[in-house]
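Each chain is listed here by its residues.
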Amino acid sequence: MKFSNKKVSLLRFALWILVAESALAIRLPERVSESIVNEANLPLKTAVFALGSFWRSEAFFGCVPGVVRTSVGYAGGTKVNPEFRNLGDHAEAVQVEYDPRMIQFRKLLDVFWSSHDSRQIFGQGPDVGNQYRSIIFVNGTEETRLAAVGKEKEQTRDRSTLVTTEIQQLGTFYLAESEHQKFELKRNPNLLQLLGNMRDEELTRSSVATKLNSYTAELCPSKIQKDIEGKISEIFRKGWPVLRDI
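Residues numbered from 1 in each chain as written. Predicted model: local features only at pLDDT ≥ 70, side-chain atom pairs only at ≥ 80, totals over all residues. Heavy atoms only, no water.

> Sorry, what's going on with the state of the cysteines here?
Note on terminology: a disulfide is the covalent bond linking the sulfur atoms of two cysteines. Under the definition given, this model contains one disulfide. Paired by a disulfide, C63 and C220 hold their sulfur atoms 1.9 Å apart. What sets the handedness of the C63 and C220 disulfide is the S-S torsion sign, and at about 45° it is right-handed. With C63 in the loop between α3 (54–61) and β2 (67–75) and C220 in the loop between α9 (207–216) and α10 (222–238), this pair connects stretches of sequence that are 157 residues apart. Across the pair, C220 and C63 agree in class, each one buried. (Disulfide = S-S within 2.5 Å. Helix = DSSP H or I, 4+ residues; strand = E, 2+ residues; numbered from the N terminus. Buried < 20%, exposed > 50% of the residue type's maximum accessible area, 1.4 Å probe, protein only.)

Following this line, the structure appears as structure tokens:
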């Protein structure tokens, strides 16, 4: 059975109501340790991209199979220790930690290209400014080659305008302030409660929070969206609120 977008939105709204009404009936731990919600000892690799406001950019990658965790920060500039209100010539960027046994850098590039307008100059959508420019940060010759191939492929789609994406060797990635991490998820306090009231540092590093951040923004593939909704419903039926895995 297929549902219209309006009906899907109503179903999601009903789920949030269920969460709110059930909150008084479930057991709430003070906090859940980071070790519960993060994979350990994985041979992870890191990729960094700038594709507009990092609040939304982070959510594009969270549900990609093979992505373990994401975080937002500043990269591509010369200012030391940039801050959100004073980031100098840096761009807002998202750092993606991924398992190379499950996904390759070229697949992350596909997400990058499909998630923003690489031809827009000096911003993305309503966000105007140098900090919103499009950049692929590379680490080594092979990543540089893949980025260049991807840029040329993107350019061939339409020769009437230029792809503005820069390709830069990755320098220092400065982690952004805690209030900017998992921004989409933090807009839904009921889901934060399901994670067991983690500290900001743990939330930033949590692989479960990474997926929930994309889920809240409705950017997960439909099957993953439904699977997460099912787990949330199951938690409230059983009366135990901690999401340990997705």
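Now that the structure has been shown, we can carry on.
> Looking at this model, I keep getting lost on the sheet that holds strand β8 (residues 174–175). Mind explaining?
Within a sheet, neighbouring strands are paired by backbone hydrogen bonds and run either parallel or antiparallel to one another. Spatial ordering of the open sheet is given by β7-β6-β1-β3-β2-β8, a layout of six strands whose pairing is mixed. This sheet does not close on itself; its edge strands, each paired only once, are β7 (166–169) and β8. Summarising the sheet, strand β1 (residues 45–51) and strand β6 (residues 134–138) pair through four bridges and their orientation is antiparallel. Following the sheet pairing, F49 is matched in β6 by I136. Strand contacts of helix α4 (residues 105–114): β1, β2, β3 (91–98) and β6, with the helix running at about 20° to β1, the strand carrying the most contacts. Across the sheet, helix α5 (residues 141–156) lies against β3, β6 and β7, angled at about 150° from β6, the strand it touches most. (Pairing = 2+ DSSP bridges. Contact = heavy atoms within 4.5 Å. Axes fitted to C-alpha atoms, helices over the stretch in contact; angles between N-to-C directions.)

> I keep staring at the confidence of the model for the protein and nothing clicks. Help me out?
The predicted coordinates of low-pLDDT regions are not to be read in fine detail. Considering every residue of the protein, the mean pLDDT works out to 86; 81% of them sit at 70 or more. Here residues 13–39 is a poorly scored stretch, pLDDT under 50, and it has 55 contacts once near neighbours within four places are set aside; other chains count. (pLDDT = per-residue confidence, 0-100.)

> Is there a simple way to think about the packing of aromatic side chains in this case?
The way to describe two aromatic rings as a pair is by their centre distance and the angle between their planes. Using the criterion set out here, one finds eight aromatic pairs in the structure. With centroids separated by 5.4 Å and ring planes inclined at 5°, the aromatic side chains of F49 and F61 adopt a geometry described as stacked. Of this pair, F49 sits in strand β1 while F61 sits in helix α3, placing them 12 residues apart in sequence. The two residues F49 and F61 agree in class, both being buried. Aromatic side chains F49 and F105 sit 6.0 Å apart centroid to centroid with 15° between the ring planes, which places their arrangement in the stacked category. Of this pair, F49 sits in strand β1 while F105 sits in helix α4, and the two are 56 residues apart along the sequence. (Phe/Tyr/Trp six-rings, centres within 6.5 Å; stacked < 30°, edge-to-face > 60°.)

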